[in-house]
Each structure stands twice: as structure tokens, then as C-alpha cells.
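Coordinates in review
Below are the chains, spelled out letter by letter.
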Amino acid sequence: MADTILYAHTDNIFSDAEKIIEVSQKTAFHSVDRILVLRNWLLGKRIFEEELQGEDRATYGAEVVAKLAKHLNAKYGRGFSKRNLWEDLRFYKAYPQIVQTACAELDSTDENEIVRSSCAQSRMLSWSHYRILIQVLDKPARDWYEQEAARENWSVRTLQRNISTQYYYRILKSSDKESVQQEMKQLTSPYEDRLEFIKSPYIAEFLGMQENRSYQESDLEHRIL
């Protein structure tokens, strides 16, 4: 589904213009974030496939990640550390179906694949969200947090706090779920930043801005364009 921008025509041209600009920016940044999620999933998939070729998969996988990190950092700069690549691998293993391939129109000898998101939620979460989610080893809990974060539009900080405070398990055990939910919303309200997506260091890094620590929002917009 194509991204859309809400057009508003009220009696206040200033607020209408601000809404158009802010929604446009948000749409652009979210588009970049979706590609970042896709890139990291594909890196995890490729590492996983390489790992399967070794008899001692754990040892071989560690060697692959170490060599790949050295190669990618030398070519693209920081951002592809061993830790980051391990996160990509864990992401793929936790969400093997979040992306699907479509190769029917390609020649059978072609090594490339067309990929697209198959995320069931109305929108895919950000990479910052998924980095937190893969820390949850309990799959039912992880799936619940993912669904709630997408449905309730949780910020990254809200998601992290809810996981840290065992929100899922407290909801399950509580006989008064509404009060638990209201308390959570009250305590996490300071964490809801509508410009959170702009401040993500992973977006800046993905756009090749990791070496510039004083970049402005105009620089970020230029990179996206």
C-alpha cells in the first residue's frame, strides 16, 4: 500500500501547512525505517544461511560474523559491528516470516530475489523497537508486546519500560486489567515523543551520517531525498 499524506483545509492555514509538513516528514522517515528493518532482516537471513553450512554451526557462525563485520566496516564505515550483525541474525531467527520473497518473474538462474514486507500489522515497527523485542525470549510475550506496540503506537522507551516491568505477565495475572493499563499509560506518558523517529541514531547511521555528530534536521532531510 502506498504511503499517504493527510490534506487538511480548515480556517487556519498555518496549522494546515504545519500538519502537511509534519505528516510528510513522518511518512518519509517511516519509509526509511521500513527499509532499514528490511535490510537488517536480509543480512540476518544471509548470515543464517551461511551459518548452516558449517558442521559446528556455533563456531562457524562466530567466524562468519567476525569476518563479515571486519569486511563491512572497512567498506562502509561504522555500523556493522559484530554485535550489530548478531542482532540481525537474532532478528531473522525471531521473525523469519516478517518478510517474504517473490521470485516467480525472475529467471531460475538469477541469484537475486525480490523482497517485500509481509508484516501483518497496520504498520511495521521501527528497528529500534525490534532490537528491544528480540531480547524477549518468551515467544508469546514477545508476540504480545509486538502487537500492542503496533496497535497502541508505543514509543521505543514505552516498549522498553513495559518489558522491563513485566507488563505482559502482570496483565495476565491481574483481575483488574483496566487499572494496570491506566497506570501504565500514566507512567509512560512522558515517554511519548512524536518526533522520536527523527532522533533515531539507527536512521542517521543507515543514511551514512554516522561520522557527523553535529548534523541538523535539514541534513537528514537531504539524505532522505
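As a reminder, the structure under discussion sits directly above these lines.
Residues numbered from 1 in each chain as written. Predicted model: local features only at pLDDT ≥ 70, side-chain atom pairs only at ≥ 80, totals over all residues. Heavy atoms only, no water.

1. Some remarks on the overall build of the chain
The helix and strand tally for the chain stands at 11 helices and 2 strands. Ordered by position from the N terminus, the helices and strands of the chain form the series α-α-α-β-β-α-α-α-α-α-α-α-α. Taking all 225 residues of the chain together, the buried fraction comes to 35%. Accessible surface, the chain: about 14600 Å² in total, of which carbon and sulfur atoms supply 51%. (Helix = DSSP H or I, 4+ residues; strand = E, 2+ residues; numbered from the N terminus. Buried < 20%, exposed > 50% of the residue type's maximum accessible area, 1.4 Å probe, protein only. Areas by Shrake-Rupley, 256 points an atom, 1.4 Å probe, with all protein chains shown as cover.)

2. Re the pattern of salt bridges
Counting across every chain of the model gives 7 salt bridges. The salt bridge partner of E49 is K45, with a shortest N-O separation of 3.1 Å. With E49 and K45 both in helix α1 (residues 13–51) and 4 residues apart, the pair spans about one turn of that helix. Between D143 and K139 there is a salt bridge, with the nearest N and O atoms lying 2.7 Å from each other. Of this pair, D143 and K139 are both found in helix α5 (residues 139–151), 4 residues apart, which corresponds to roughly one turn of the helix. A residue is classified by how much of its surface remains accessible, and D143, at 21% relative accessible area, is partly exposed. Three or more residues are tied together by salt bridges with common partners; here these are E148, R151 and E152. (Salt bridge = Lys/Arg side-chain N within 4 Å of Asp/Glu carboxyl O.)

3. Here's the deal with the nonpolar core
Counting 31 residues, the largest nonpolar core has F91, Y95, I98, Y130, Y145 and L159 as its most contacted members. Those elements giving two or more residues to this core turn out to be α1, α3 (82–94), α4 (127–133), α5, α6 (156–164), α7 (167–173) and α8 (177–188). Residue contacts for L159: discarding those within four places in its chain leaves H129, I132, L133, Y145, A149 and W154. With 7 residues, the next largest nonpolar core counts V65, A69, F80 and L89 among its residues. (Core = buried A, V, L, I, M, F, W, Y, C linked by side-chain atoms within 4.5 Å. Contact = heavy atoms within 4.5 Å.)

4. Some remarks on the packing of aromatic side chains
Considering all chains together, one arrives at 14 aromatic pairs under this definition. Seen from their ring centres, F91 and Y130 are 5.1 Å apart, and the 45° between their planes marks the pair as tilted. You can see F91 sitting in helix α3 and its partner Y130 sitting in helix α4, a full 39 residues away along the chain. By relative accessible area, which is 0% here, F91 ends up buried. Y130 gets classed as buried once you look at its relative accessible area, which sits at 0%. On the basis of an interplanar angle of 65° and a centroid distance of 6.4 Å, the ring pair of W144 and W154 is categorised as edge-to-face. On the criterion of sequence distance, the pair formed by W144 in helix α5 and W154 in the loop between α5 and α6 is long-range, its members being 10 residues apart. Here W154 falls in the buried class, since its relative accessible area comes to 5%. Among the aromatic residues, those joined into a cluster by ring pairs are W144, Y145, W154, Y167, Y168 and Y169. (Phe/Tyr/Trp six-rings, centres within 6.5 Å; stacked < 30°, edge-to-face > 60°.)

5. Quick look at a nonpolar patch on the surface
A cluster of nonpolar side chains, I5, Y7 and I20, forms an exposed patch at the surface whose accessible area comes to about 320 Å². With respect to the helices, strands and loops of the structure, Y7 is situated in the segment before α1. (Patch = residues over 30% accessible without salt bridge, like charges linked within 9 Å, V, L, I, M, F, W, Y side chains within 5 Å.)

6. A few points about the environment of G79
The residue G79 is located in the loop between α2 (57–76) and α3 in this model. Note on G79: relative accessible area 13%, which makes it buried. Here the alpha-carbon distance between G79 and A69, two residues 10 residues apart in the chain, equals 9.1 Å.

7. Some words on unusual backbone geometry
Non-glycine residue N153 carries a positive phi angle of around 60°. Relative accessible area serves as the criterion here: at 42%, N153 is assigned to the partly exposed category. Even without being a glycine, Q166 presents a positive backbone phi close to 60°. Among the secondary structure elements, Q166 is positioned in the loop between α6 and α7. Look at Q166 and you get partly exposed, because its relative accessible area is 40%.

8. Thoughts on the packing of α1 against α2
When two helices pack together, their arrangement is given by the angle between the helix axes and by the axis-to-axis distance. α2 packs onto α1 with a crossing angle of 135° between their chain directions and a minimal axis gap of 9 Å. When the axes of α1 and α2 are compared, the pair comes out oblique. Pair α1 / α2 crosses with right-handed handedness. Within the contact between the two elements, α1 uses I47, E50 and E51 and α2 uses R57, Y60, G61, V64, V65 and L68. (Axes fitted to C-alpha atoms, helices over the stretch in contact; angles between N-to-C directions. Parallel < 35°, antiparallel > 145°, perpendicular 65-115°, else oblique. Left-handed = near helix turned anticlockwise from the far one by under 90°.)

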